[in-house]
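Take a look at the letters that make up each chain.
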Amino acid sequence: MRVVIVGGGFAGVKAALELSRRRVGKITLISNQPYFLHHATLYATATGRSLAESVLPLENIFLNHPDVKVVTDTISKIDTGKRVLMSAKNTYPYDEAILALGSVTSFFGIEGLADHAFGVKSLQEIKKYHNHLHDRMALTNQRDNHYVIGGGATGVELAGAVREYLDSLAHLHHQHHSKNIVHLVEAADRLVPQCSLTASKLIHRRLEKMNVIVKLHKHVTALDDDTIDIDGEKHRQQSAVWTSGVANHPFFARQPIGTFKFNARGRIVVNDFLQAAPHVYVLGDNNAVPDSGLAWPAMRQGKFTAINLSRQVLKKPLRRYKPSRPPVGIPVGENWAYVEWKGVYAAGRLGAWLRRRMELYGYRQLMPAKMARAVWRAHDIQEIDG
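Residues numbered from 1 in each chain as written. Predicted model: local features only at pLDDT ≥ 70, side-chain atom pairs only at ≥ 80, totals over all residues. Heavy atoms only, no water.

Trainee: Help me understand the pattern of salt bridges, please; the structure alone is not making it clear to me.
Mentor: Side-chain pairing between opposite charges can occur once the charged atoms of the two side chains come close. Counting across every chain of the model gives 12 salt bridges. One salt bridge connects Arg22 with Glu18, and the closest N-O pair in it is separated by 2.5 Å. You can call Arg22 partly exposed: its relative accessible area is 31%. With a relative accessible area of 5%, Glu18 lands in the buried category. Each of the salt bridges in this network shares a partner with another, and the network as a whole consists of Lys14, Glu18, Arg21 and Arg22. (Salt bridge = Lys/Arg side-chain N within 4 Å of Asp/Glu carboxyl O. Buried < 20%, exposed > 50% of the residue type's maximum accessible area, 1.4 Å probe, protein only.)

Trainee: Can you help me understand the nonpolar core in this one?
Mentor: Across soluble globular proteins, nonpolar side chains have a tendency to be buried as a group. Of all hydrophobic cores here, the largest spans 57 residues; its most connected members are Leu85 and Leu99. Ranked by residues supplied to this core, first place goes to helix α1 (residues 10-21) with 7 residues. Ranked by size, the runner-up nonpolar core spans 43 residues in total, among them Tyr35, Val55, Ile149 and Val212. (Core = buried A, V, L, I, M, F, W, Y, C linked by side-chain atoms within 4.5 Å. Helix = DSSP H or I, 4+ residues; strand = E, 2+ residues; numbered from the N terminus.)

Trainee: Got a minute to help me understand the packing of helix α6 (residues 152-172) against helix α7 (residues 197-209) in this structure?
Mentor: Each pair of packed helices gets described by two things: the angle between the helix axes and the distance between those axes. With their axes 10 Å apart at the nearest point, α6 and α7 run at an angle of 20° to one another. Between α6 and α7, the interaxial angle falls into the category roughly parallel. Like other packed secondary-structure pairs, α6 and α7 cross with a definite hand, here left-handed. Here α6 contributes Val156, Ala159, Gly160 and Glu164 to the contact with α7, which in turn contributes Ile203, Arg206 and Leu207. Grouping the constituent residues of the contact of α6 with α7 by class yields 4 nonpolar, 1 polar and 2 charged. (Axes fitted to C-alpha atoms, helices over the stretch in contact; angles between N-to-C directions. Parallel < 35°, antiparallel > 145°, perpendicular 65-115°, else oblique. Left-handed = near helix turned anticlockwise from the far one by under 90°. Contact = heavy atoms within 4.5 Å. Nonpolar A, V, L, I, M, F, W, Y, C, P; charged D, E, K, R; others polar.)

Trainee: In this structure, what is going on with the sheet that holds strand β16 (residues 233-236)? I would like to understand it.
Mentor: The strands that make up a sheet pair up through hydrogen bonds in the backbone, lying either parallel or antiparallel. Read from one edge of the open sheet, 3 strands run β14-β15-β16, paired in antiparallel fashion. A strand with exactly one partner marks an edge of an open sheet, and here the two such strands are β14 (220-223) and β16. Neighbour-to-neighbour, the strand axes of this sheet turn through a mean angle of 30°, independent of strand direction. Summarising the sheet, strand β15 (residues 227-230) and β16 pair through 4 bridges and their orientation is antiparallel. (Pairing = 2+ DSSP bridges.)

Trainee: Sorry, what's going on with the sheet that holds strand β13 (residues 212-216) here?
Mentor: Across the sheet, 4 strands lie side by side as β13-β12-β11-β17; this open sheet has parallel pairing. Looking at strand neighbours, the two that pair on one side only are β13 and β17 (239-241), the edges of this open sheet. Neighbour to neighbour, the strand axes of the sheet diverge by 20° on average, direction disregarded. As paired strands, strand β11 (residues 144-150) and β17 are joined by 3 bridges and run parallel to one another. Each bridged residue has a counterpart across the sheet, and for Ile149 the counterpart in β17 is Val241.

Trainee: Explain the environment of Val269 here, please?
Mentor: Here Val269 is to be found in the loop between α8 (250-253) and β19 (275-277). A relative accessible area of 31% means that Val269 is categorised as partly exposed. Linking Val269 and Phe252, residues 17 residues apart in sequence, is a C-alpha distance of 11 Å. What Val269 contacts, discounting residues up to four positions off in sequence, is Lys261, Phe262, Asn263, Gln275, Ala276 and Ala288.

Trainee: Could you clarify how one ought to interpret the packing of aromatic side chains in this entry?
Mentor: Where two aromatic rings form a pair, the distance of their centres and the angle of their planes describe that pair. What the rule picks out here adds up to 8 aromatic pairs. With a centroid separation of 6.2 Å and an interplanar angle of 80°, the aromatic rings of Phe108 and Trp242 are classed as edge-to-face. Of this pair, Phe108 sits in the loop between β10 (103-105) and α4 (113-116) while Trp242 sits in the loop between β17 and β18 (246-248), and the two are 134 residues apart along the sequence. On the basis of an interplanar angle of 75° and a centroid distance of 5.2 Å, the ring pair of Phe252 and Phe260 is categorised as edge-to-face. For Phe260, a relative accessible area of 7% corresponds to the buried category. What links up through ring pairs into an aromatic cluster is the set Phe251, Phe252 and Phe260. (Phe/Tyr/Trp six-rings, centres within 6.5 Å; stacked < 30°, edge-to-face > 60°.)

Below, the structure is given as structure tokens:
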């Protein structure tokens, strides 16, 4: 069996590993970058932590899996009838295709956002934002600096990290006169609305204790170099980060009409086996399954698909995918996190300890124990000097 996987994120990497372990056949993993981005820790890397915890070379992950061929390429088209994937220069025939391309940033048409806001979804973006934070503190003497961050879980994580990072930079560069103000703008009427009311309350309280200004039920309406419009009112800003909007990968919309079925949010409708078309599986951020878009469900879907393909080879009946609610872990600054699962929660230092163990578990799903622990421990390496 020839399995071609498009996407080097959680779902694609996990599917390739599980297929290799089951010796299903020839596996090709195609990614437009030669590394895996651990999105759950990008907020930390953007604020001075080691790149090693967030940027993992794919060749290292598959070092002990010679049946997995890693290709750096950008797939632009799929022909489901001929069973072939195409890029600008190459074609990749398949028996079974797995599409797990991840999401892209959506700016919702807000004026100036695409041109003036920083992002934290790619390696280039986090490097640019990290350098901006460092250079602004090191090279300017402005007393009042306003840092605006969009809402959502990523925004919450980033706000706490930025608050502490700015304090560290101020100490490092003797900018004790500077007043660095961090604003978190959330369109909903509470933080992390996908979580419980308890989560919203405790996380809000933690951010206020850290002197982060939380603006609820507010909408960014425009952005330029030094001002941001929030519900039509102008505010000063020197650094705006957009973390709120995501959209499905444009690959799917570019295919001929009828290739895929979309739901109202632009995600791909799949059947109980995660198939969007005969011999085509769509996983993770790209499908319309409940709770897709998170790391743990993505890995679960990757493993599930690998199991079903191995059952197909053995001519066993396929299993049906059943979504399950994953645990939630949201760090807010050093040694504090909120963790919630099945109605039970922990906050503070215990939450931080649990969140770190969640990260270690995630790394262990993608690499051998020794390598996973080394990458996990890289979180303790600070690169504060830029």
